[in-house]
Amino acid sequence: MTKQEYFAHETAVIDEGCIIHKGVKIWHFSHLMTGCEIGENCNLGQNVVVSPDVRLGKNVKVQNNVSIYTGVTCEDDVFLGPSMVFTNVVNPRSAVNRRGQYLKTVVKKGATIGANATIVCGHDIGEYAFIGAGTVVTKHIPAYALVVGNPSRQIGWMSEYGHQLEFNSDGIATCPESNETYRLDNNRVEKINK
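If you're wondering where the values come from, they're calculated on a predicted model, not measured in any experiment.

Peer 1: Looking at this structure, how should I read the overall build of the chain?
Peer 2: The helix and strand tally for the chain stands at zero helices and 24 strands. In summary, the chain has a C-alpha radius of gyration of 18 Å against a globular reference of 16 Å for 194 residues, a match within 12%. A buried classification covers 39% of the 194 residues belonging to the chain. Taking the contacts inside the chain whose residues are at least 6 apart along the sequence as the reference set, 14% of them involve residues at least 24 apart. Counting every atom, the chain has about 10,200 Å² of accessible surface; 46% of that belongs to carbon and sulfur. Of the side chains in the chain, 18 bear a positive and 19 a negative charge, and the two mean positions are spaced by 5 Å.

This is the structure we're talking about:
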């Protein structure tokens with residue numbers, strides 16, 4: 001991709017070997033490292049670091065002061081809030097090199113991770129899950145789940161438009177903004193196609 005098809009602020013550092021698709025915006029003091037791939041129409045805020053081999057899908061919004069470490073993949077339409085944190089080693093020690101022991105974390109399509117949240121590596125975030133600000137994720141998060149706290153605990157379910165769902169006695173809920181309908185069955189939520 002030629003530089004004319006994306007925007008990079010003059011203070012951004014982009015190492016050779018990055019794949020940057022069209023429509024991407026890279027803001028002040030951000031650093032993209034060799035081997036990362038940034039999908040179409042992503043927006044990387046100020047002071048964002050994207051490590052080698054990280055993959056961001058289309059339309060990922062990365063707010064200021066976020067480091068996305070090797071082992072992390074974000075699918076399309078993911079939102080990463082200001083100063084949220086990923087890890088990639090569960091037992092780091094300064095004097096012990098664990099580069100070959102990075103655990104993978106996948107943030108599925110449409111998920112939101114709030115400001116100052118921490119995602120402990122090796123735990124995937126389900127589609128359209130909503131991780132509240134300051135939450136510490138220490139386990140896999142199911143699709144559409146709303147989680148908060150340290151350690152994270154699920155307190156509800158969210159629609160694809162980011163509204164908490166209220167299920168009736170039949171396990172059906174409707175998003176107040178989109179009017180899309182969801183079914184809760186066996187502690188799993190799915191959107192009912194119309």
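On we go from here.
Peer 1: I'm lost on the nonpolar core in this one. Help?
Peer 2: Among soluble globular proteins, nonpolar side chains are generally buried collectively. Ranked by size, the top nonpolar core spans 46 residues in total, and within it Ile 38, Leu 56, Ile 68, Leu 80 and Phe 86 carry the most contacts. At the level of elements, strand E12 (72-74) and strand E20 (145-148) are the ones that each hand at least two residues to this core.

Peer 1: Sorry, what's going on with the sheet that holds strand E16 (residues 112-113) here?
Peer 2: Working definition: the strands of a sheet are paired by backbone hydrogen bonds and lie parallel or antiparallel to each other. Taken in spatial order, the nine strands line up as E1-E4-E7-E10-E13-E16-E18-E20-E21 in an open sheet, and their pairing is mixed. With partners counted over all chains shown, the strands left at the sheet margins are strand E1 (7-8) and strand E21 (153-157), one partner each.

Peer 1: Explain the packing of aromatic side chains to me, please; I cannot follow it from the model alone.
Peer 2: Each aromatic ring pair is characterised by the separation of its centres together with the angle its planes make. Under the definition given, this model contains three aromatic pairs. Each ring, one from Phe 7 and one from Trp 27, has its centre 4.8 Å from the other, and the planes form 50°; the classification is tilted. Here Phe 7 is found in strand E1, whereas its partner Trp 27 is found in the loop between strand E4 (25-26) and strand E5 (31-32), with 20 residues between them in sequence.

Peer 1: Just to check I follow, could you spell out the pattern of salt bridges for this structure?
Peer 2: A side chain of one charge can pair with a side chain of the opposite charge if their charged atoms are brought near each other. By the definition in use, this model includes five salt bridges. Here Arg 183 makes a salt bridge to Glu 190, at a shortest N to O gap of 3.3 Å. The exposure class assigned to Arg 183 is partly exposed, which follows from its relative accessible area of 33%. The network of salt bridges with common partners includes Glu 160, Glu 180 and Lys 191.

Peer 1: Help me understand the sheet that holds strand E23 (residues 181-185) in this model?
Peer 2: Read across the open sheet, the three strands follow the order E22-E23-E24; overall the sheet is antiparallel. Looking at which strands have only one partner, the edges of the open sheet turn out to be strand E22 (172-174) and strand E24 (188-192). Taken pair by pair, the neighbouring strands of this sheet meet at an average axis angle of 30°, ignoring direction. The sheet contact formed by E23 and E24 spans five bridges and is antiparallel. In the sheet register, Tyr 182 faces E24, and the bridge partner there is Lys 191.

The rules behind the values
Residues numbered from 1 in each chain as written. Predicted model: local features only at pLDDT ≥ 70, side-chain atom pairs only at ≥ 80, totals over all residues. Heavy atoms only, no water. Helix = DSSP H or I, 4+ residues; strand = E, 2+ residues; numbered from the N terminus. Rg over C-alpha atoms; globule rule 2.2 N^0.38 Å. Buried < 20%, exposed > 50% of the residue type's maximum accessible area, 1.4 Å probe, protein only. Contact = heavy atoms within 4.5 Å. Areas by Shrake-Rupley, 256 points an atom, 1.4 Å probe, with all protein chains shown as cover. Lys, Arg positive; Asp, Glu negative; His and termini not counted. Charge placed at Lys NZ, Arg CZ, Asp CG, Glu CD. Core = buried A, V, L, I, M, F, W, Y, C linked by side-chain atoms within 4.5 Å. Pairing = 2+ DSSP bridges. Phe/Tyr/Trp six-rings, centres within 6.5 Å; stacked < 30°, edge-to-face > 60°. Salt bridge = Lys/Arg side-chain N within 4 Å of Asp/Glu carboxyl O. Axes fitted to C-alpha atoms, helices over the stretch in contact; angles between N-to-C directions.

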